[in-house]
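Single-letter residue listing:
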Amino acid sequence: MPQRRNRRVAAGSNKGGVGKTGWVEMVAAALAEMGRTVLVVDVDPQANLSRRMGRPYRKEAPIVTVSEVVKANEAGCAADAIIPCGWGGIYAEQIDIIPSRFDLDNRISEAAVMGARQRLARGLQGVDDDYDFTLFDCQPSLGHLTQLALAASDYAVALVEPEYDGVDGAVRFRDFVNDEINRMEMGNLGLRFAAAIPSLVDGRLAGHTHHLGTLPGIFGEGAVWEPIPLRSVVKDAADEAQPLSAQGSRATEMREVYRASAERMIKEFA
């Protein structure tokens, strides 16, 4: 990849419902509050991240999405899809988004075309150089759409719900990223699996406590980041398509949690 100032980070897992989208949107907000610029790319046809960040696709007011970027397969074409985050204020100033829509599913049929995995990376070429971070929200799969994001990324992080299936999905994601043949086929040998981030952690559950204790042995002591606890305020913010700051003082704890994750990114991905 060409030299860039920014760092591209793909958040994924081979299991759904583990907090990937929440982590991307809330860490983006934390980075913005710290003065960093962020490009968020929604690479899931469910487009939950786009809605939560105030940029849902509507037929009556169509916008360019990541689907059109991938389909175009032209260097730098992602510039046409970038719009400010819909939250307003400092977030609109510091966070841009490339939204998604259900049509992204149609790009899966292009997976067998030579060079198809590089289409998103090609579209971003020269476009996100001046952001501090580009964050990709991947669908819960190891298939073509996730590979588009991984092919464009410097780092991959797995969100890990501390339950058997959640850990298993994160391990599959890690192993896929760490496989040299996969990285070679994606045209991105420099991609590195960087972290397992415990998410949706309920401290009242003995099973969660148990699985949290196993993560350092599975992913490595230094690769397990601070856990993201399960709190209703995060769901409320997501439902209302607002940043955590809009929830007032009840969001103080979780804003600090996501800020810690953002600080870890800044430190480790420098």
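Now for a quick tour of the structure. These numbers were taken from a predicted model, which means no experiment stands behind them. (Residues numbered from 1 in each chain as written. Predicted model: local features only at pLDDT ≥ 70, side-chain atom pairs only at ≥ 80, totals over all residues. Heavy atoms only, no water.)

### So, unusual backbone geometry
For clarity, the cut-off: Comment: elements are numbered from the N terminus, with helices defined as DSSP H or I runs of at least four residues and strands as E runs of at least two. When accessible area is computed with a 1.4 Å probe and restricted to protein chains, residues below 20% of their type maximum are described as buried, those above 50% as exposed, and intermediate ones as partly exposed.
Of note, the phi angle at Asn-73 is positive, near 55°, even though the residue is not glycine. As for its position among the elements, Asn-73 is in the loop between helix 3 (66-72) and strand 3 (83-84). Residue class for Asn-73 comes out partly exposed when judged on its relative accessible area of 28%. With a phi close to 55°, Leu-200 is a non-glycine residue in the positive phi region. If you trace the backbone, Leu-200 turns up in strand 7 (residues 192-201). Exposure remark for Leu-200: the relative accessible area of 25% places this residue in the partly exposed category.

### Some remarks on helix 9 (residues 206-219)
This is how it is decided: Between the first and last residue of a helix there are one fewer steps than residues, each counted as 1.5 Å, and that sum is the expected span. Should any heavy atoms of two residues lie within 4.5 Å, those residues are considered in contact.
Taking 1.5 Å per residue as the helical rise, helix 9 with its 14 residues ought to reach 20 Å, and the 21 Å between its terminal C-alpha atoms agrees with that figure. Of the surrounding elements, those touching the buried residues of helix 9 are strand 6 (155-160), helix 7 (164-178) and strand 7. Note on helix 9: the residue one or two positions beyond its end, Gly-220, has a positive phi of about 105°.

### Some details on the packing of helix 6 (residues 144-152) against helix 7
Quick note on the threshold: Every axis corresponds to a line fitted to the C-alpha atoms, with the helix fit spanning only the stretch in contact, and the corresponding angles, defined between N-to-C directions, vary from 0 to 180 degrees. The cut-offs work like this: below 35 degrees is roughly parallel, past 145 is roughly antiparallel, 65 to 115 is roughly perpendicular, and the gaps in between are oblique. Crossings are sorted by hand: turned counterclockwise from the far helix by less than a right angle, the near helix makes the crossing left-handed, and turned clockwise it makes it right-handed. When residues are sorted by character, Ala, Val, Leu, Ile, Met, Phe, Trp, Tyr, Cys and Pro go into the nonpolar class, Asp, Glu, Lys and Arg into the charged class, and all the rest, Gly among them, into the polar class.
Where helix 6 contacts helix 7, the axes come no closer than 12 Å and their chain directions differ by 55°. Considered as vectors, helix 6 and helix 7 are oriented oblique to each other. Crossing geometry of helix 6 relative to helix 7 is assigned as right-handed. Contact with helix 6, carried on its side by Thr-146, Gln-147 and Leu-150, involves Phe-173, Phe-176 and Val-177 of helix 7 and no other residues of that element. In terms of residue class, the contact of helix 6 with helix 7 is made up of four nonpolar, two polar and no charged.

### A closer look at helix 10 (residues 232-239)
Condition: Of all possible arcs, the one meant is that of the directions from the helix axis to the C-beta atoms.
Every buried residue of helix 10 is listed here: Val-233, Val-234, Ala-237 and Ala-238. In an axial view of helix 10, the angular spread of the buried residues amounts to 140°, which keeps them on one side of the axis. Looking at the buried side of helix 10, the elements it contacts are helix 1 (20-33), helix 2 (48-52) and helix 11 (252-268). At the exit of helix 10 stands Ala-241, carrying a positive phi of roughly 55°.

### So, the pairing of strand 6
Here is the rule we go by: Strands were regarded as paired on the criterion that DSSP finds at least two bridges between them.
The element strand 6 is largely enclosed, with a buried count of six among its six residues. Across four bridges, strand 1 (residues 7-12) lies against strand 6 in parallel orientation. Considered in strand 6, the bridge of Ala-10 is made with Ala-156. Where strand 6 and strand 7 come together, six bridges link them in parallel fashion. Looking at strand 7, one finds that Ala-156 is bridged to Phe-193.

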